[in-house]
Every structure is written in structure tokens, then in C-alpha cells.
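# Inside the fold
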Amino acid sequence: MYEVTVEAGFSSGHYLRNYRGKCENPHGHNYKVFVTLVGAELDEAGLLLDFKLLKQVMRPVVDYLDHQMINDLKPFDQVNPSAENLAKYFFDNTATQLDEMTHGRVKVKDCTLYETDSSFARYYE
Ligand SMILES: [Zn+2]
């Protein structure tokens, strides 16, 4: 199998509901997200997916969250904006777009979301 990974960053505010500790008060993070794709077949150019295309797929998701209070944005007005839920959000949004783009040839393997340099959550199916 082949894998490719692209990293993107965004700076946003959040707070956690139903949580006792530092993250219950509004504060910001310089988030980093890594989206990894997997597939058994390359295209005619020998690529699983052009990095540029994966960046394009991630861009609207990143732009939606960047420099926002994430708790004000759907679905995070209902769903807690934890690193875990943000990782799943990236997974779901990029997987839908990639399915259409590659007709199932390329899948999202996992999304890893760093809240700090030393703390991250990963989502995969
Ligand atoms: Zn936090």
C-alpha cells in the first residue's frame, strides 16, 4: 500500500464543556493537522494523490476553523471541540471529498490533530 501525508496548521480558540480543568476556559491553540491517505494503486503519473490536491481538499476545512472561536461554529456549537472530535471532523470532511475525486481509489487512512507539540489525537475507521 502507498501512503501520503500532508500537514496544515490553524490558530483558533476553543473551550471544553462538561470538563473540569484548564481547557474549560476559552483559550487558543496553534493546531496542526496531518491527513494521511492510503491506496494500493497509483495514477498515471505515479502518484497516490498530488500533494497539491490534498492541500486543496484540506484548505476549506482549515479556513473554516482558522482564527475562529471553534465553539461558535457548527457542529462544535453542539459537539465539544476536543482534539478527538476535531480529528474526526477532518477525517469526515476530507474523506467525502476524496471519495468523489478519486472514485474510491484513495481513502483517508487517518487524521492526527495536534493541540500542542506534545499532545495529539488520532481518528481512523
Ligand atoms: Zn484547549
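I will try to describe carefully the structure that is included in this document. Quick caveat: nothing in here was measured; it's all calculated off a predicted structure.

## A short note on the coordination of the zinc ion
Protein coordination at the zinc ion comes from H14 (NE2), C23 (SG), H27 (NE2) and H29 (NE2), with a distance range of 2.0 to 2.5 Å. Its 4 donor atoms give the zinc ion angles of 88 to 134° at the centre, a pattern that matches the tetrahedral case. Expressed as a motif, the donor residue spacing for the zinc ion is H-x8-C-x3-H-x1-H. Residue classification places C23 among the buried positions, given a relative accessible area of 13%. On the basis of relative accessibility, which here comes to 22%, the residue H27 falls in the partly exposed class.

## Comments concerning the packing of helix 1 (residues 51–65) against helix 2 (residues 83–102)
Across the interface, helix 1 lies against helix 2 with an axial gap of 10 Å and an inter-helix angle of 140°. With respect to helix 2, the element helix 1 is oriented oblique. In the packing of helix 1 onto helix 2, the handedness of the crossing is right-handed. Residue-level contacts link L54, V57, M58, P60, V61, V62, Y64 and L65 of helix 1 to L86, Y89, F90, N93, T94, Q97, L98 and M101 of helix 2. Here the contact of helix 1 with helix 2 is built from residues that sort into 13 nonpolar, 3 polar and no charged.

## Section: helix 1
Taking 1.5 Å of rise per residue, the 15 residues of helix 1 would be expected to cover 21 Å, and the 21 Å separating its terminal C-alpha atoms lies within 8% of that figure. Its buried side turned inward, helix 1 meets strand 1 (2–14), strand 2 (27–39) and helix 2. Where helix 1 starts, the residue carrying a side-chain oxygen 3.0 Å from the main-chain nitrogen of K52 turns out to be D50. Phi turns positive one or two residues past the end of helix 1, at H67, with a value near 55°.

## A closer look at the pairing of strand 2
Each regular strand carries side chains that alternate between the two faces of the sheet. Of the pairings in the sheet, the one linking strand 1 to strand 2 comprises 13 bridges and is antiparallel in character. Within the sheet, the bridge partner assigned to T5 lies in strand 2 and is T36. When strand 2 meets strand 3 (residues 107–116), the two strands line up antiparallel, connected through 7 bridges. Bridging across to strand 3, T36 finds its partner in D110.

Each value, and the rule that gives it
- Sequence order as written defines residue numbering, which begins from 1 separately in each chain.
- Residue-level local features of this predicted model are given only where pLDDT is at least 70; pairs of side-chain atoms are given and counted only at 80 or more, and the full residue set underlies all totals for whole chains, interfaces and linings.
- Side-chain numbers here rest on the full set of heavy atoms in the structure, without hydrogens or water.
- Water is not part of the atom set, so a site may look incomplete; the donors themselves are N, O and S atoms within 2.8 Å of the metal, or 3.2 Å for Na, K and Ca.
- Metal sites are grouped by the angles between bound donors: all angles between 85 and 135 degrees with four donors is tetrahedral, opposite donors over 155 degrees apart with the others between 65 and 115 is square planar for four donors and octahedral for six, and any other pattern is irregular.
- The buried label goes to any residue with under 20% of its type's maximum accessible area, the exposed label to any with over 50%, and the partly exposed label to all in between, with areas taken from a 1.4 Å probe on protein chains only.
- Here an axis means a line fitted to C-alpha atoms, over the contact stretch when the element is a helix, while the angle between two N-to-C directions is reported on a 0 to 180 degree scale.
- Secondary structure elements are defined from DSSP: runs of H or I of at least 4 residues count as helices, runs of E of at least 2 residues count as strands, and each element is numbered from the N terminus.
- Orientation categories follow fixed angle ranges, with anything under 35 degrees roughly parallel, anything over 145 roughly antiparallel, 65 to 115 roughly perpendicular, and all other angles oblique.
- Handedness of a crossing is defined here by the sense of rotation of the near helix relative to the far one, left-handed for an anticlockwise turn of less than a right angle and right-handed for a clockwise turn.
- By the convention used here, residues are in contact when the closest approach between their heavy atoms is within 4.5 Å.
- Only Asp, Glu, Lys and Arg are considered charged in this grouping, and only Ala, Val, Leu, Ile, Met, Phe, Trp, Tyr, Cys and Pro are considered nonpolar; every other residue, Gly among them, is considered polar.
- Helix span, expected: 1.5 Å multiplied by one less than the number of residues in the helix.
- The definition of a polar contact used here is a pair of N or O atoms within 3.5 Å, where within protein one atom must be able to donate a hydrogen and the other to accept one, and adjacent residues in sequence count solely through side-chain atom pairs.
- Only when DSSP finds a minimum of two bridges between them are two strands counted as paired.

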